[in-house]
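The chain contents come next:
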Amino acid sequence: MDKHSFIGLILIFVIVTLWFSKPYQKLIYGDGYDKPKQDSTFVQTQKPSETSTTIQKTQESFVQEAVADSNETSVLLKTQLYEIELSNVSGGSIKNFRLLNYKNDNSENSHVVNLVNNDIPYFDNFNVLLKTKSGQNLDLKSYEFVGNADFETKTLVQNDSVRLVFTAQIPNLNTQISKVFTFYGNKYDFRFSLELDTNIFADYKIVWNSGLANTEKNFDENMAFNYVYYSTDEDFEYFSVKDNEILDENFSGKMTWSAVRSKYFALAVAPIGNSFTEFNGTGYTKDVGKHVHQKVHSLKIGGKTSDKLNFLVYFGPLEVEALENLNLGFENLLDLGWFFIKPFTVFFLWFFSFLHNYISNYGIVIFVFALLIKIALHPLTHKSLQATEKMAKLQPEIQKLNEKYEDDAAKKSQETFKLYQKHGVNPFGSCLPTLLQFPILIALYNVFRSTIELRGAYFFGWMTDLSQPDTIYVLPFALPFYGNNLNLLPVLMSGTMFWQSSMTVVDPKQKMMIYLMPVMMLVMFNNFPAGLTWYYFLFNIFSIIQQYWIKRTKEVKVVT
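This section reports on the structure supplied with the text. Fair warning: this is a prediction, and the values are worked out from it, not measured in the lab.

Rules used throughout
Residues numbered from 1 in each chain as written. Predicted model: local features only at pLDDT ≥ 70, side-chain atom pairs only at ≥ 80, totals over all residues. Heavy atoms only, no water. Buried < 20%, exposed > 50% of the residue type's maximum accessible area, 1.4 Å probe, protein only. Helix = DSSP H or I, 4+ residues; strand = E, 2+ residues; numbered from the N terminus. Pairing = 2+ DSSP bridges. Axes fitted to C-alpha atoms, helices over the stretch in contact; angles between N-to-C directions. Contact = heavy atoms within 4.5 Å. Nonpolar A, V, L, I, M, F, W, Y, C, P; charged D, E, K, R; others polar. Polar contact = N/O pair within 3.5 Å; in protein donor to acceptor, adjacent residues only side chain to side chain. Expected span 1.5 Å × (residues − 1). Arc of directions from axis to C-beta. Patch = residues over 30% accessible without salt bridge, like charges linked within 9 Å, V, L, I, M, F, W, Y side chains within 5 Å. Areas by Shrake-Rupley, 256 points an atom, 1.4 Å probe, with all protein chains shown as cover. Salt bridge = Lys/Arg side-chain N within 4 Å of Asp/Glu carboxyl O. Phe/Tyr/Trp six-rings, centres within 6.5 Å; stacked < 30°, edge-to-face > 60°. Lys NZ or Arg CZ within 6 Å of the ring centre and 35° of its normal. Core = buried A, V, L, I, M, F, W, Y, C linked by side-chain atoms within 4.5 Å. Lys, Arg positive; Asp, Glu negative; His and termini not counted. Charge placed at Lys NZ, Arg CZ, Asp CG, Glu CD.

## Side note on the pairing of strand β12 (residues 201–208)
When you tally the buried positions in β12, you get six out of eight residues, the bulk of the element. Judged from the seven bridges that link them, strand β5 (residues 125–132) and β12 form a sheet pairing that is antiparallel. Opposite Val128, over in β12, you have Ile206 as the bridge partner. Across six bridges, the pairing between β12 and strand β19 (residues 294–304) is antiparallel.

So this is what it looks like as structure tokens:
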């Protein structure tokens, strides 16, 4: 990179950032340039905000009455993976679910992740709605449940298990209902069942009302992965509430499971030996003081009652192996890309985890991973670089033809084609290998952007969490598209892209791309996880080394 190229890159970056900066926009358009945008946002989000507030107030009022009437008691179970706190209100409503292997961040005083949203009353977290054959509706949170636990706290280790039973009397129907939970010491899934008189009851619905708590520093991205799902034998559907709406989706038919998820965690429920036939997924947004509102998705899933109403519940991280081992299709909760990309993503995710079995530091894992991928892609990239080198050596000849046949486009194309044939050059030879790499690169993007293995992964120095941008300084103002976080890896990656492009771009008409693309990638990658940016930086470095190697070995020769 010469001095003039470097100065040009810096000037373009300064111009682009200044052009989209608020001070410059205000100078051009006046002080009110951004006020209509703010007013519009307020109008759009006002209705959902008011609705959600009303819902919360109603719920909070009801749960206070329910707790007061039921003399609430709680039990706390501890396993090697999580701690779960259950209340007798609603017969085992989940108050807290803390994942012991995951923290909110890497700070010294950080708490472990709690997947239960404590801002929303918990009494509808595994509440059950019933309908009798005579048409009477029962909401089980209206009844007092008594648990069978003779302890307040219990620890399960390895293959230990515990069975908790919550029973309520229904005087007006002269019957009782039991909700049964079975927990295990070494896995995230547990069993849930309903014991009731099928001669009295016709339909049931399981309710999960509080969605999942926000667990990430990058609030916007976590909300972008916030969905509610249902799955059939053939396919699955998912929905996400928007800031200007109330979500209310319904489905009737045979379903194999249903779930709510965030970026890294999920709650999924599947009937055992039966099927769900009714799904109601709802959602609203909460104003929590961020420019993107918090999404709260709720579930009501159920069907006809039977002698055996048993369910498997998975509550935990979106780990591929844990989900696939259940053999229920829960792995579809993972964002693995389009159908033709998915096989690549699955393989790379497995290979990435395989390397981590032998290398504990994920930053080094990514280094080895990038090197191995580069070696695997060597035949493709080698041919692409060879084609580029050949085109570069032919540029003087092509320029002469352009000047000679400036006024005769047909003759110029004919002579150019002859020139390519003479030297065995394919003008598209550098493009095809690059196109063939796209599925691989997109799959890697999926892996590094959403894999939970990188969450909280420390590398070294300032790279304390490879799932987050590697911020070294927070600007006192936000630049449009770029934000206010100054991250080092995107700068380094853009620099290597500029370096690489300056070595490969030979067409004078494409020279501007040498400067434009690195700036665009700098802006794009500034909010991406450090692990992803670290990978692309390494891949660029290895590509530059490969290009120098090809030039030094002088494998490309043009016959004159």
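There is more to say after this.
## Quick look at the sheet that holds strand β2 (residues 82–87)
Ordered by their spatial adjacency, five strands build an open sheet running β4-β3-β2-β1-β8, and the pairing between neighbours is mixed. Each having just a single partner strand, β4 (112–114) and β8 (153–155) make up the two edges of the open sheet. Shown here is a sheet whose adjacent strand axes are inclined to one another by a mean of 15°, direction ignored. Here β2 runs beside strand β3 (residues 93–103); their pairing, made up of six bridges, is antiparallel. Looking across to β3, one finds that Ser87 is bridged to Ser93.

## A few points about the pairing of strand β18 (residues 276–286)
Most of β18 is tucked away, with eight of its eleven residues classed as buried. Relative to β18, strand β15 (residues 247–255) is paired through seven bridges, and the arrangement is antiparallel. Following the sheet pairing, Asn250 is matched in β18 by Asn280. One ladder, built from nine bridges, connects β18 with β19; its direction is antiparallel. Across the sheet, the residue bridging to Phe279 is Ile301, located in β19.

## Quick look at the packing of helix α7 (residues 362–376) against helix α8 (residues 378–404)
One can describe the packing of α7 onto α8 by two numbers: an axis separation of 5 Å at closest approach and a directional angle of 65°. On the side of α7, the interface is formed by Lys374, Ile375 and Ala376, while α8 contributes His378, Pro379 and Thr381. Class assignment of the residues belonging to the contact of α7 with α8 gives a composition of three nonpolar, two polar and one charged.

## Focus: the sheet that holds strand β10 (residues 175–184)
In spatial order, the strands read β7-β9-β10-β11-β20-β17-β16-β13-β14; together these nine strands make up an open sheet with antiparallel pairing. Here the strands that pair on one side only, and so sit at the sheet edges, are β7 (145–147) and β14 (236–239). Between one strand and the next, the sheet's axes are offset by a mean angle of 20°, whatever the strand orientation.

## What to know about the side chain of Asn96
Position of Asn96 relative to the elements: it lies in strand β3. Polar side-chain contacts of Asn96 include one of 2.8 Å to the side chain of Glu85. If sequence neighbours within four positions are ignored, Asn96 has contacts with Glu83, Ile84, Glu85, Asn114, Val116 and Asn118.

## Focus: helix α6 (residues 342–356)
Look at α6: 21 Å from first C-alpha to last across 15 residues, which is about the 21 Å you get at 1.5 Å a residue. When α6 is considered as a whole, its buried residues turn out to be Thr345, Phe348, Leu349, Phe351, Phe352 and Leu355. Burial along α6 is one-sided: seen end-on, the buried residues are contained in an arc of 165°. Away from its buried face, by an angle of more than 90 degrees, α6 presents the exposed residues Pro343 and Trp350.

## Describing the environment of Leu355
Its place among the elements puts Leu355 in helix α6. In sequence terms Leu355 and Ile366 are eleven residues apart; their C-alpha atoms lie 9.0 Å from each other.

## With respect to a nonpolar patch on the surface
Residues Tyr458, Phe460, Trp462, Ile472, Tyr473, Leu486 and Val491 make up a contiguous nonpolar surface patch of about 640 Å² in total accessible area. As for its placement among the helices and strands, Trp462 is situated in the loop between α10 (431–450) and β21 (471–479).

## Comments concerning unusual backbone geometry
With a phi angle near 80°, Phe126 is a residue other than glycine that sits in the positive phi range. Within the element layout of this structure, Phe126 appears in strand β5. Phi at Asn327 is positive, roughly 55°, even though this residue is not glycine. Structurally, Asn327 can be placed in the loop between α5 (320–325) and α6. With relative accessibility at 68%, the residue Asn327 sits in the exposed group.

## Here we look at the packing of aromatic side chains
All told, the structure shown has 56 aromatic pairs when counted by the stated rule. Summarising the aromatic geometry, the rings of Phe348 and Phe369 are spaced 6.1 Å apart at their centres and angled 85° between planes, so their arrangement reads as edge-to-face. With Phe348 in helix α6 and Phe369 in helix α7, this residue pair connects regions lying 21 residues apart in the sequence. We note that Phe348, like Phe369, is buried. For Lys154, the ring lying beneath its charged end belongs to Phe151, and the centroid distance is 5.5 Å.

## Observations regarding the nonpolar core
Of all hydrophobic cores here, the largest spans 116 residues; its most connected members are Phe126, Phe183, Phe330, Phe369 and Tyr535. In contact with Phe369, other than residues within four places in its own chain, are Phe348, Phe351, Phe352, Leu355, Leu444, Phe448 and Tyr535. One finds Leu394, Ile398, Leu401 and Val425 within the second-largest nonpolar core, a separate group that totals eight residues.

## Examining a negative patch on the surface
Taken together, Glu403, Glu406, Asp407 and Asp408 make up a surface patch of like negative charges. Inspection of the secondary structure puts Asp408 in the loop between α8 and α9 (409–423). Residue classification places Asp408 among the partly exposed positions, given a relative accessible area of 36%.

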